[in-house]
Structure formats: C-alpha cells, structure tokens
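Per-entry structural report
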Amino acid sequence: MTATSPDRTASPAPERALPRLELASLPTPLQRFDRLAEAIGSGAFLVKREDLSGLGMGGNKARQLEIILAEAKRTGHDAIVTTAAAQSNFCRTTAAACAELGWPCALLLRGDGTAPAVGNLLLDRLFGAEIEWIDTTDPYSEVVGERLEALAEKLRARGLRPFTIRLPGATGALAAAAAMSLAEEILAEAEAEPHWCALAAGSGLTAAGLLAGFAAAGAQTKVLAVSVQQPASFIAPLILRRAEEALALCSLSADIDPDRLVVDDRHIGPGYGRPSPASLQALMVAGRTAGLVLDPAYTGKALAGLEANLAEGTVAADARTVFVHTGGAPSLMAEAPRVAAALGPA
C-alpha cells in the first residue's frame, strides 16, 4: 500500500461557500494497493479512504453531515430527526455527530423492532439516539414522511427545534453538495486525472456530488455507481438531478454530462442491505490482498461491480481508476455469521 501526498495548496472546493461544521478528518487519504489491483484486474488502481473520515467509525456520511448539520444550526435548530434502514451508516454517523454537538437525535428505522442490537444499530444506541420503528421497506413511501413529522412533533413538545433529514427529500441537495469536496480531493491527490471513479450507490448522493465536483473542475472523470438498492432506471435520473441541484446550491454553472455516469444495478443481489455471494467474495479478496475491511451490503457490492466492469471491458484494465471506500465496517459485524461461513473453516 502506498499513500499519495495531498496537495494542500489546492483552491477551496466550491461547496465550502456553504456553512460547514468541522466533524470529519479531511482530506481522507488516497492509497495504492497493488495486490488488490492485480486481483481485480486493474493496472492503475487507487482507493479513496472515506472509511478513515473519523466521525462515529468513519465513512462518507461524515462529509455530508458537516454541511447538513451546519445548515440545521444556521437555521436555529437544536435536534435531529432522520430515517433509514436498521443498519444505516448514515443514521449511525448522525447519532455520533449529535452526541458530539449535544443535540438529541431521533431515528425512525425501517423494520419491526426485533432486529438485534448489533453493528450500526448497537452504535446508534451507544451514541444515545432515540429509536422508533416503521414496518416498511420503501424509503420513498409517503408514510415515512408522516411518521417523521410525528416524531419531530414529539421533540417540539419537549421544547426542542428539530431539523428533519430525509436524504431522498429536501436535504439531498445539501448532501450532494458536500460530496463535491470529495471530487476536489481526488483530483488534488491523484498524480493524474482519473478516468473512472467507482463507488456504491444507495441514495446516490455521493455519486451526484462527484459528478458535480468533477464538472465544476472541468475534469473528464466518469463515475461508475454500483447500485445497492434501486434499479438504474430509477436511480440514474435522480443522481443527475441531484448533481444539478448541488451545482445550483453552490451558485455554480457547469454542464453535467449524462454520459459520464454509468449505473450498474446488477449487484443488488438478494436485496438492499443483504449480502450477495459476489459481495462476500469481494470483501474476502480485499481483506486478504490489502488488509482492507469492506462490508457485504455496500462496499463489497461496489468492488464486485467494479471487478465485473473491468472483466467486461467497460472499465479498461489500464484506466486510472479510483475506488471510493465509503466505510460501513459496523454492518460487516452485523453480518458476522454469514461472513464467517463464506470465509470457510478457520
């Protein structure tokens, strides 16, 4: 593994005009892993270590929360309400940020409340989040919005001023704008402009921010978004729209080229948040060739998707490729029995 040297003289990222709280350890390093590159068939491979961002065990969500929570503070709020799946990396990192700020954090998690307190859910409780459950699997359902408002009203009854974060909703543009600095860091740290940047896409907001950031910098880098939840027909237009919204939020004018976004939805496997044979194989390869800890629901599927696109020639073997490690180690622990079975006898 070799770490590149960040260019700390680089001009400020466009989104830094937005209010920001210092919650993450940025910039995160860009590192070379030659044995992993060889294993997946890439001759020019770097890993952007968003898993080392620090806040609440790291991940790409820390970068988003610096902008989102700054907006909450700027507008006079002092509590947070948000929602996602039981093993949500975003909810875990939000709870950690609220613990640091001294703000109450209320989470509406999808499920029936019987999920064991492991992985991210255990950390939610460790960080002091208040948890309620909603028995739906659809993050875009209208009933989710209704329950979020009811949860916010409970906090208002306690004299608090809650700020509601719903990444498929109004705060999505803020999260996408926050990820523009990720593109800036990659361009500053890499020796040459990458041809490709590959990552997992759940809500697609980091992919949107990368597209916006590369466009604002005049870079030609393409984004390979490996969907872990939604079909390409749904998530691709949303990513493009969020990229446009991020640029507008930062008062920037740049063209978002749809041809620079490739969404691969073939690696969702048995469903959102659930390991697939390919993701388990990918995280094993990353662990045994690079000492990298991936998770089976997000980064494992993303690496499996990148490897498939390398094998098919969509991403050329000699293309300069950056894999964004978005974090998620706690969900690896939540799936420990399946991971252990995939690893085989000790």
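Preceding this paragraph is the structure being described.
An account of the accompanying structure is given in this report.

With respect to the layout of surface pockets
- Empty space within the largest pocket amounts to approximately 710 Å³.
- Along the walls of the largest pocket sit 28 residues, with Ala85, Ala86, Gln87, Tyr272 and Gly273 positioned nearest its centre.
- Counted by class, the lining of the largest pocket contains 12 nonpolar, 10 polar and six charged residues.

Details of the environment of Cys197
- Turning to its location among the elements, Cys197 is positioned in strand β8 (residues 196-201).
- Along the sequence, Cys197 and Lys222 sit 25 residues apart, while their C-alpha atoms lie 6.2 Å from each other.
- The residues contacting Cys197, other than those within four sequence positions of it, are Ile186, Leu210, Phe214, Thr221, Lys222, Val223, Leu224, Val322 and Val324.

Let's talk about the pairing of strand β5 (residues 105-110)
- Of all six residues making up β5, six are buried, and the element is well covered by its neighbours.
- Residues Cys105, Leu107 and Leu109 point to one face of β5 and Ala106, Leu108 and Arg110 to the other, with burial holding for every one of them.
- Inspection of the sheet shows strand β4 (residues 79-85) paired to β5 by six bridges, in the parallel sense. Within the sheet, the bridge partner assigned to Thr82 lies in β5 and is Leu107.
- Note that the unit made of β4, helix α3 (residues 89-101) and β5 has a crossover that is right-handed.
- Sheet topology note: the β5/strand β6 (residues 130-134) ladder contains five bridges and is parallel. Its bridge partner being in β6, Leu107 is matched across the sheet by Ile131.
- Read from β5 through helix α4 (residues 119-126) to β6, the crossover connection turns out right-handed.

Let's talk about α4
- Of the positions making up α4, those classed as buried are Gly119, Asn120, Leu121, Leu123 and Asp124.
- Next to the buried residues of α4 lie α3, β5, β6 and α12 (329-334).
- Gly128 lies just past α4 and shows a positive phi near 90°.

Comments concerning the packing of helix α2 (residues 61-74) against α3
- Relative orientation of the contacting elements α2 and α3 amounts to 50°, with a least axis distance of 10 Å. Compared by their axis directions, α2 and α3 come out oblique. Note that α2 runs across α3; the crossing there is right-handed. Here Lys61, Ala62, Gln64, Leu65, Ile68 and Leu69 of α2 lie close against α3, whose contacting residues are Asn89, Phe90, Thr93, Thr94, Ala97 and Leu101.
- The residue makeup of the contact of α2 with α3, split by class, is seven nonpolar, four polar and one charged.

Focus on α2
- The first and last C-alpha atoms of α2 sit 20 Å apart over 14 residues, in line with the 20 Å expected at 1.5 Å per residue.
- Of all the 14 residues making up α2, 12 are buried; the element is thus mostly covered by neighbouring parts of the structure.

A look at the side chain of Thr83
- Residue position: Thr83 is located in strand β4.
- Assessed through its relative accessible area of 14%, Thr83 is described here as buried.
- Within the structure, Thr83 has its side chain in polar contact with the backbone oxygen of Leu108 (distance 2.6 Å).
- Setting aside its immediate chain neighbours within four residues, Thr83 contacts Cys91, Leu108, Val144, Leu148, Ile165 and Arg166.

As for unusual backbone geometry
- Across the junction of Leu26 and Pro27, the peptide omega takes the value 0°, indicating a cis bond.
- Checked against the element boundaries, Pro27 lands in the loop between β1 (2-3) and β2 (30-32).
- We note that Met57 has phi near 80°; this positive angle belongs to a residue other than glycine.
- Structurally, Met57 is set in the loop between β3 (45-49) and α2.
- For Ser251, which is not glycine, the phi dihedral falls at a positive 55°.
- The class of Ser251 is exposed, set by a relative accessible area of 68%.

As for the nonpolar core
- In terms of nonpolar packing, the biggest core is built from 69 residues, with Leu69, Ile165, Leu210 and Ile239 touching the most fellow members.
- Setting aside its immediate chain neighbours within four residues, Leu69 contacts Leu21, Leu23, Ile80, Ala97, Leu101, Trp103 and Ile165.
- One finds Leu36, Val226, Leu280 and Leu303 within the second-largest nonpolar core, a separate group that totals 32 residues.

Thresholds applied
- Residues numbered from 1 in each chain as written.
- Predicted model: local features only at pLDDT ≥ 70, side-chain atom pairs only at ≥ 80, totals over all residues.
- Heavy atoms only, no water.
- 1 Å grid on protein atoms, 1.4 Å probe; cavity = no way out; pocket = protein on both sides within 12 Å on 5 of 7 lines; lining within 4 Å.
- Points joined across faces, edges and corners; volume = space filled by probe spheres on them.
- Nonpolar A, V, L, I, M, F, W, Y, C, P; charged D, E, K, R; others polar.
- Helix = DSSP H or I, 4+ residues; strand = E, 2+ residues; numbered from the N terminus.
- Contact = heavy atoms within 4.5 Å.
- Buried < 20%, exposed > 50% of the residue type's maximum accessible area, 1.4 Å probe, protein only.
- Pairing = 2+ DSSP bridges.
- Right-handed = clockwise from strand over helix to strand, strands pointing away.
- Axes fitted to C-alpha atoms, helices over the stretch in contact; angles between N-to-C directions.
- Parallel < 35°, antiparallel > 145°, perpendicular 65-115°, else oblique.
- Left-handed = near helix turned anticlockwise from the far one by under 90°.
- Expected span 1.5 Å × (residues − 1).
- Polar contact = N/O pair within 3.5 Å; in protein donor to acceptor, adjacent residues only side chain to side chain.
- Core = buried A, V, L, I, M, F, W, Y, C linked by side-chain atoms within 4.5 Å.

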